Amino acid sequence: MEHHPPHTDTELLALAGSIELVVFDVDGVLTDGRLYFGADGTELKAFHVRDGHGIKLLQEAGIKVAVLSGRRSEAVIRRMDELRVNVYRQGCQHKDRDLMDLLQHFGVAGQATAYLGDDVIDLPAMRLVGLPVAVADAHPRVRAAARWITTLDGGRGAARELCDLIVDAKLTTTKQA
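Overview of the structure. Keep in mind the model is a prediction, meaning the values are calculated, not measured.

Comments concerning the overall build of the protein chain
- What the protein chain contains, in helices and strands, is seven helices and eight strands.
- Since a compact globule built from 177 residues should have a radius of gyration of about 16 Å, the 15 Å found for the protein chain is in line with a globular shape.
- Taken over 177 residues, the protein chain has a buried fraction of 49%.
- Pairs at least 24 apart in sequence give 58% of the contacts found in the protein chain among residues at least 6 apart.
- Accessible surface computed for the protein chain: about 9,000 Å², of which carbon and sulfur atoms make up 52%.
- Counting 21 positive and 25 negative side-chain charges, the protein chain places the averaged centre of each group 1 Å from the other.

Right, dumping it as structure tokens:
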């Protein structure tokens, strides 16, 4: 069993323990936000392996996972398929609408949802969830709108921090029940 530093904010832990759905942005959250283009125009993205493992831990804990990306990329399709993320949307320009569709699809309330974002396009969706989270290097307006901010930057393990917070909170809630 991995050891994580205990979170002392009891309100945050209670909120994290109630999460049923986690929604991730891609560029700047699951990647570091930089875009790499090969000579043939192929877009390349680097995903952190620990973030992927965190997503698997969420799934194993029975928490639903979805992804909303403003851009379109074959690399995202490949990575989401590899992680068995069943619901991911690309080309999202109105993430609040896309999030509402996800909530309806999963039958989950916004209050039971966490959203991890990094830029202003994420703000409308972040306002609809119970646990809005920003990566450490997020735009200042996104950081200001977040209930919690990771210590790590996007694409550098920030998503795993959120996954660990939620899974650990679920375990704590289960032990107390």
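Notes on the sheet that holds strand 8 (residues 148–149)
- An order of 5-4-1-6-7-8 is seen for the six strands of this open sheet, with the pairing classed as parallel. Sheet topology places strand 5 (87–89) and strand 8 at the edges, where each strand pairs with a single neighbour.
- Sheet topology note: the strand 6 (residues 113–117)/strand 7 (residues 131–134) ladder contains four bridges and is parallel. Looking across to strand 7, one finds that Y115 is bridged to P132.
- The sheet strands contacting helix 4 (residues 95–106) are strand 1 (21–24), strand 4 (64–68), strand 5 and strand 6, and the helix crosses strand 4 at an angle near 155°.

A closer look at the nonpolar core
- If you look at the biggest cluster of nonpolar residues, it comprises 54 residues, and the most contacted ones within it are V22, F24, L30, L58, L131, L162 and I166.
- Among all residues touching L58, those that are not within four sequence positions of it are V22, F24, I63, V65, C163, I166 and V167.

A closer look at unusual backbone geometry
- A positive phi is found at R84, a non-glycine position, where the angle reads about 60°.
- If you trace the backbone, R84 turns up in the loop between helix 3 (74–82) and strand 5.

Some points on the pattern of salt bridges
- In this structure the tally under the stated criterion is 14 salt bridges.
- When the shortest N-O distance is used, the salt bridge between K95 and D25 registers 2.8 Å. Taken together, the residues K95 in helix 4 and D25 in the loop between strand 1 and strand 2 (36–37) connect sequence positions 70 residues apart. Judged on exposure class, the residue K95 and its partner D25 are both buried.
- D27 is the partner of K45 in a salt bridge, and the nearest nitrogen-oxygen pair spans 2.5 Å. Taken together, the positions of K45 in the loop between strand 3 (43–44) and helix 2 (49–60) and D27 in the loop between strand 1 and strand 2 put the pair 18 residues apart, joining distant regions of the chain. Just as K45 is buried, D27 falls in that class too.

With respect to helix 1 (residues 10–17)
- For helix 1, every residue scored as buried is listed here: L12, L15, A16 and G17.
- The backbone nitrogen of E11 lies 3.1 Å from a side-chain oxygen of the residue at the head of helix 1, namely D9.

Comments concerning helix 2
- With twelve residues, helix 2 should reach 16 Å at 1.5 Å per residue; the first-to-last C-alpha distance of 17 Å fits that figure.
- Among the residues making up helix 2, those that are buried are D51, G52, G54, I55, L57 and L58.
- Looking one or two residues beyond helix 2, the residue adopting positive phi is G62, at roughly 85°.

So, the pairing of strand 1
- The alternating pattern of strand 1 places L21 and V23 on one face and V22 and F24 on the opposite face, and all of these are buried.
- The pairing of strand 1 with strand 4 spans four bridges and is parallel. In the sheet register, F24 faces strand 4, and the bridge partner there is V67.

Thoughts on the side chain of D98
- Note on placement: D98 falls in helix 4.
- Since its relative accessible area comes to 14%, D98 is described here as buried.
- With residues up to four places along the chain from it excluded, the contact list for D98 reads L68, R89, C92 and Q93.

What counts, and at which threshold
- Every chain is numbered on its own, with residues counted from 1 as its sequence reads.
- The predicted origin of the model limits local features to residues at a pLDDT of at least 70 and limits the giving and counting of side-chain atom pairs to 80 or more, whereas totals for whole chains, interfaces and linings rest on all residues.
- Values reported for side chains reflect all heavy atoms of the structure, with hydrogen atoms and water molecules removed beforehand.
- By the criteria applied, helices consist of DSSP H or I runs no shorter than four residues and strands consist of E runs no shorter than two, each listed in order from the N terminus.
- To get the radius of gyration, use the C-alpha atoms; to get the globule rule, take the number of residues to the power 0.38 and multiply by 2.2 Å.
- Buried means the residue's accessible area, taken with a 1.4 Å probe over protein chains only, is under 20% of the maximum for its type, while exposed means over 50%, and partly exposed covers the values in between.
- Should any heavy atoms of two residues lie within 4.5 Å, those residues are considered in contact.
- The accessible surface values rely on the Shrake-Rupley method and a 1.4 Å probe; as for residues, cover is taken only from the protein chains in view.
- As used throughout, the charge tally considers Lys and Arg to be positive and Asp and Glu to be negative, leaving His and the chain termini uncounted.
- Where a charge lies is defined by one atom per residue type, namely NZ (Lys), CZ (Arg), CG (Asp) and CD (Glu).
- Strand pairing is assigned whenever DSSP identifies at least 2 bridges connecting the two strands.
- As a rule, the C-alpha atoms of each element are fitted with a line to give its axis, helices using only the stretch in contact, and angles between N-to-C directions run from 0 to 180 degrees.
- Nonpolar cores were defined as sets of buried Ala, Val, Leu, Ile, Met, Phe, Trp, Tyr and Cys residues, with membership established by side-chain atoms within 4.5 Å.
- Any carboxyl oxygen of Asp or Glu within 4 Å of a side-chain nitrogen of Lys or Arg constitutes a salt bridge here.
- Counting of polar contacts relies on pairs of N or O atoms within 3.5 Å, with two restrictions inside protein: one atom must be capable of donating a hydrogen and the other of accepting it, and residues adjacent in sequence are counted only when both atoms are side-chain atoms.
- A helix is expected to span 1.5 Å for every residue after the first.

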